[in-house]
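Here's the letter readout for the chains.
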Amino acid sequence: MPPRFYAPELRPGLANVELPADEAAHLTRVLRLRVGAEVCVFDGRGYQCIARVSAAHKDVVRLEVLGPAGAAPEPRVRLTLAPALLKGDKLDDIIRDAVMLGVALIQPIVTDRIDVPAASASQRSRQQRWQRIAISSVKQCGRAVVPEVRPPASLAACLGADTSQLRIMLVEPAAQAPAGSIQNLGRGSQITSALVLVGPEGGWTPQEIASATRAGCQLVTLGRRTLRADAAPTIAVAVLQAVWGDL
């Protein structure tokens, strides 16, 4: 597979397309490709094609479209991942891995026990970095769809905006609430969309669990072990996709 680049202006039927400045800089300054090089370019919405570099000048790169090309298939179940904000750059890794696994939307959430100043987490610069991480992950894994990474929202706002058929809240084995196994979710059903809520290092409060249950969330665990908050989202997505046949 030739090097892959993101061009949101790409459309089926276009004969030529120009890369965004950051993608152009990567092509010319990092990969040092020249006129005539063949690349793969995608629009972030599912369309991908093979193209040839027709002009390359520092931050300006134009491509001649040669023809459509297949991309990695999207999962059958449209999965929204809603991880709680975590300390440091841990959410960066969660976003990178979730995108590689095929998540369709990422909604960071502000919960009662997060150890992150909500104001700093809500800065637009941080959301923009998360979106760049998503694009980079798409380029690496072969998808042609760039998932949206939304600004942090409260648990109530997340649930209020969600329209998924299945809602899941991941809880710790010791949580004082009845919970089932994630491996039993959706087997033999026709689920097409799901929301997965994953809590912070300090876990969910009883009030959060109660409100999520009232909103139709099923409480599930990943087994008898207590996992790190930054590991649980990726594991949960992988297990669900294995159960649904989406890996």
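What this report covers is the structure whose coordinates are included nearby. Just so it is clear, the model here is predicted, and its values are computed rather than measured.

### Re the overall build of the chain
So, point 1. Scanning the chain from terminus to terminus reveals seven helices and 14 strands.
So, point 2. The C-alpha atoms of the chain give a radius of gyration of 20 Å, which matches the 18 Å a tight globule of 247 residues would have.
So, point 3. Reported as C-alpha extents along the three principal axes, the dimensions of the chain are approximately 60 × 40 × 30 Å.
So, point 4. In the chain, which comprises 247 residues, the proportion classed as buried is 49%.
So, point 5. Residue pairs in contact within the chain that sit at least 24 positions apart in sequence constitute 74% of those at least 6 positions apart.
So, point 6. Element-wise, carbon and sulfur atoms account for 51% of the exposed surface of the chain, whose accessible area totals about 11800 Å².
So, point 7. Positive and negative charge centroids in the chain, built from 28 and 22 side chains respectively, lie 2 Å apart.

### Observations concerning the nonpolar core
So, point 1. Core analysis: the largest hydrophobic core is formed by 55 residues, its most contacted members being Leu-81, Ile-95, Ile-109, Met-169, Leu-197, Trp-204 and Trp-244.
So, point 2. No other element matches the six residues that helix H7 (residues 232-244) contributes to this core.
So, point 3. Excluding its chain neighbours within four sequence positions, the residues that come into contact with Leu-197 are Ala-82, Ile-109, Leu-155, Cys-158, Leu-159, Ile-168, Met-169, Leu-170, Trp-204 and Cys-217.
So, point 4. Ala-7, Ala-24, Leu-27 and Cys-49 belong to the second largest nonpolar core, which has 18 residues in total.

### Section: the packing of helix H2 (residues 90-101) against helix H4 (residues 124-141)
So, point 1. H4 packs onto H2 with a crossing angle of 35° between their chain directions and a minimal axis gap of 8 Å. For the pair H2 and H4, the sense of crossing is right-handed. Contacts between H2 and H4 involve Leu-91, Asp-92, Ile-95, Arg-96, Val-99 and Met-100 from the first element and Arg-129, Trp-130, Ile-133, Ala-134, Ser-137, Val-138, Gln-140 and Cys-141 from the second.
So, point 2. In terms of residue class, the contact of H2 with H4 is made up of nine nonpolar, two polar and three charged.

### Remarks on the sheet that holds strand E4 (residues 48-57)
So, point 1. With mixed pairing, the five strands of this open sheet are ordered in space as E1-E3-E4-E5-E2. Both edges of this open sheet fall to strand E1 (4-6) and strand E2 (16-18), since each of them pairs with a single strand only. The average angle at which neighbouring strand axes cross in this sheet is 40°, direction not considered.
So, point 2. Bridge count for E4 against strand E5 (residues 60-68) is eight bridges, and the pairing is antiparallel. Within E5, the residue paired with Cys-49 across the bridge is Pro-68.
So, point 3. Contacting E1 and strand E3 (38-42), H4 runs over the sheet at an angle of about 150° to E1.

What counts as what
Residues numbered from 1 in each chain as written. Predicted model: local features only at pLDDT ≥ 70, side-chain atom pairs only at ≥ 80, totals over all residues. Heavy atoms only, no water. Helix = DSSP H or I, 4+ residues; strand = E, 2+ residues; numbered from the N terminus. Rg over C-alpha atoms; globule rule 2.2 N^0.38 Å. Buried < 20%, exposed > 50% of the residue type's maximum accessible area, 1.4 Å probe, protein only. Contact = heavy atoms within 4.5 Å. Areas by Shrake-Rupley, 256 points an atom, 1.4 Å probe, with all protein chains shown as cover. Lys, Arg positive; Asp, Glu negative; His and termini not counted. Charge placed at Lys NZ, Arg CZ, Asp CG, Glu CD. Core = buried A, V, L, I, M, F, W, Y, C linked by side-chain atoms within 4.5 Å. Axes fitted to C-alpha atoms, helices over the stretch in contact; angles between N-to-C directions. Left-handed = near helix turned anticlockwise from the far one by under 90°. Nonpolar A, V, L, I, M, F, W, Y, C, P; charged D, E, K, R; others polar. Pairing = 2+ DSSP bridges.

Honestly, it's all geometry; don't read function into it.
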